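# Remarks on the overall topology
Now for the letters of each chain:
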Amino acid sequence: QSALTQPASVSGSPGQSITISCTETSSDVGGYNFVSWYQHHPTKAPRLLIYDVSKRPSGISNRFSGSKSGNTASLTISGLQPEDEAHYYCTSYTTSSTSVVFGGGTTLTVL
Amino acid sequence: QVQLVESGGGVVQPGKSLRLSCAASGFTFSYFGMHWVRQAPGKGLEWVAFVSHDGSNRYYADSVKGRFTVSRDNSENTLYLQMNSLKVEDTAVYYCAKVMVRGVLDYWGQGTLVTVSS
C-alpha cells in the first residue's frame with residue numbers, strides 16, 4: 001500500500017477546475033515539502049508538472065498549480081482541456097532520501 | 001534537447017535475465033543522478049532504482065533488491081538495469097528518468113516493455 005493516497009479518479013468538464021489530493025499516510029515519507037506531481041498519458045513519457053509542492057518547471061502552463069495543507073498536497077488544474085485527460089501521480093521521497101514514493105495515481109476524465 | 005531512449009526490453013522466461021539500457025543526450029550525463037521507474041499492466045508507477053551521478057550510491061525498491069543492479073557508464077552516457085531472476089510480476093514498462101534535484105524527475109524516456117512469461 002502506497003504511503004501517498006490519491007483518489008482513484010476525478011472528472012470535470014472543459015473550462016472547469018479540478019483538484020487532486022495526495023495525503024501522506026506513512027511516517028516514512030519525510031520532507032513533505034518536497035511533493036512533486038506528474039502527468040502521464042498512456043504510451044507517452046511521464047511529464048513533471050509541479051515540484052517542491054508548488055513550483056512549476058519551465059514550459060508548464062500556469063493552469064497547473066500545487067499547494068499543501070497539513071499532510072495533504074493538492075494539484076489544481078484550471079480551465080480544463082481535453083488533452084488534460086491523463087493519469088496524475090504525486091511523489092515524495094523517504095526520510096532517508098534513498099527512494100522515491102509514488103502515490104497510487106488518479107485518472108482524470110474530461111467529460 | 002534532453003533525450004532518454006530505453007532499449008533492451010522483450011519477452012523472457014521466469015528465472016532468466018535481461019539488461020535494459022537508457023541512452024542519454026542533450027545534457028551533461030555525469031552531473032545527474034538517474035532513476036528507473038516501472039509500470040505494470042493496469043497499475044500505477046513504481047520506483048525501482050536510483051544511481052548517483054558518479055555511480056557511488058545505488059538504492060533499490062524492496063521488490064527488486066538482490067535481483068536487479070543499476071549501473072552507468074558516464075563515458076558512454078548510458079544507464080543500465082541488469083535484471084536477474086526475473087519474475088512474472090516484473091512484467092512492466094520500464095522508464096529511465098533524470099534527476100533534477102532530490103527525487104524530482106524532470107525528464108523521462110518513452111519506456112521499454114519487459115514481459116516475463118513462460
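It should be noted that the structure appears before, not after, this text.
Reference entry: report on the structure contained in this document. Remember, predicted model here, so these are calculated numbers, not experimental data. (Residues numbered from 1 in each chain as written. Chains lettered and ligands numbered in written order. Predicted model: local features only at pLDDT ≥ 70, side-chain atom pairs only at ≥ 80, totals over all residues. Heavy atoms only, no water.)

## So, the pattern of salt bridges
One pass over the full model with this rule turns up 8 salt bridges over all chains. In this structure, aspartate 52 of chain A engages arginine 102 of chain B in a salt bridge whose closest nitrogen and oxygen atoms are separated by 3.2 Å. With one member in each of two chains, aspartate 52 of chain A in the loop between strand S6 (47-50) and strand S7 (64-69) and arginine 102 of chain B in the loop between strand S9 (92-101) and strand S10 (104-108) form a pair that bridges those chains. A relative accessible area of 10% places aspartate 52 of chain A in the buried class. Assessed through its relative accessible area of 34%, arginine 102 of chain B is described here as partly exposed. A salt bridge links arginine 63 of chain A to aspartate 84 of chain A; its shortest N-O distance comes to 2.8 Å. Here arginine 63 of chain A is found in the loop between S6 and S7, whereas its partner aspartate 84 of chain A is found in the loop between strand S8 (72-77) and strand S9 (86-94), with 21 residues between them in sequence. For the pair shown, arginine 63 of chain A and aspartate 84 of chain A are each scored as buried. If you follow the salt bridges from partner to partner, you end up with Arg38, Glu46, Arg67 and Asp90 of chain B in one network. (Salt bridge = Lys/Arg side-chain N within 4 Å of Asp/Glu carboxyl O. Helix = DSSP H or I, 4+ residues; strand = E, 2+ residues; numbered from the N terminus. Buried < 20%, exposed > 50% of the residue type's maximum accessible area, 1.4 Å probe, protein only.)

## Some details on the nonpolar core
By size, the foremost hydrophobic cluster in this structure holds 43 residues, and its most contacted members are Trp36, Leu79, Leu81, Met83, Tyr94 and Trp108 of chain B. In contact with leucine 81 of chain B, not counting residues within four places along its chain, are Leu18, Arg19, Leu20, Trp36, Val48, Ala49, Phe68, Thr69, Val70 and Tyr94 of chain B. Counting residues in hydrophobic clusters, the runner-up holds 23 residues, among them Cys22, Ile60, Ala73 and Ala86 of chain A. (Core = buried A, V, L, I, M, F, W, Y, C linked by side-chain atoms within 4.5 Å. Contact = heavy atoms within 4.5 Å.)

## Quick notes on unusual backbone geometry
Residue and element names in this part refer to chain A. Of note in this structure, aspartate 52 is not a glycine but carries a positive phi near 50 degrees. At valine 53, a residue that is not glycine, the phi angle is positive and equals roughly 75 degrees. Secondary-structure assignment places valine 53 in the loop between S6 and S7. For valine 53, a relative accessible area of 10% gives the class buried.

## A word on the side chain of arginine 72 of chain B
Residues and elements named next belong to chain B. If you trace the backbone, arginine 72 turns up in strand S7 (residues 68-73). Here arginine 72 sits buried without a salt bridge, and the closest side chain of opposite charge, aspartate 54, lies 7.1 Å off (N-O distance). Here the side chain of arginine 72 touches histidine 53 through a polar contact of 3.3 Å, landing on its backbone oxygen. Contact partners of arginine 72, with chain neighbours within four places excluded, come to Phe29, Ser30, Phe32, Gly33, Met34, Val51, Ser52, His53, Gly55, Thr78, Leu79 and Tyr80. (Lys, Arg positive; Asp, Glu negative; His and termini not counted. Polar contact = N/O pair within 3.5 Å; in protein donor to acceptor, adjacent residues only side chain to side chain.)

## Some details on the sheet that holds S8 of chain A
Sheet strands line up and pair through hydrogen bonds in the backbone, either parallel or antiparallel. All names here are of chain A. Read from one edge of the open sheet, 4 strands run S1-S3-S8-S7, paired in antiparallel fashion. The open sheet has two free edges, formed respectively by strand S1 (4-5) and S7, since each of these has just one partner strand. For strand S3 (residues 18-24) and S8, the ladder comprises 6 bridges, and the chain directions are antiparallel. Residue pairing across strands places isoleucine 20 opposite leucine 75, the latter belonging to S8. (Pairing = 2+ DSSP bridges.)

## With respect to the sheet that holds strand S1 (residues 3-7) of chain B
Residues and elements named next belong to chain B. Spatial ordering of the open sheet is given by S1-S3-S8-S7, a layout of 4 strands whose pairing is antiparallel. Whereas interior strands pair on both sides, the edge strands pair on one side only; in this sheet they are S1 and S7. Taking each pair of neighbouring strands and ignoring which way they run, the sheet shows an average axis angle of 15 degrees. Here S1 runs beside strand S3 (residues 18-25); their pairing, made up of 5 bridges, is antiparallel. Residue pairing across strands places glutamate 6 opposite cysteine 22, the latter belonging to S3. (Axes fitted to C-alpha atoms, helices over the stretch in contact; angles between N-to-C directions.)

## Describing the state of the cysteines
For the structure shown, the criterion picks out 2 disulfides over all chains. Across the disulfide from cysteine 22 of chain A sits cysteine 90 of chain A; the S-S distance is 2.0 Å. Disulfide cysteine 22 of chain A-cysteine 90 of chain A: torsion about the S-S bond near 75 degrees, hence right-handed. Here the residue cysteine 22 of chain A occupies a position in strand S3, and cysteine 90 of chain A occupies one in strand S9, the gap between them amounting to 68 residues. Both residues of the pair, cysteine 22 of chain A and cysteine 90 of chain A, belong to the buried class. Cysteine 22 of chain B shares a disulfide with cysteine 96 of chain B; S-S distance 2.0 Å. One quick way to see it: the torsion about the S-S bond of cysteine 22 of chain B and cysteine 96 of chain B is about 60 degrees, and its sign makes the bridge right-handed. (Disulfide = S-S within 2.5 Å.)

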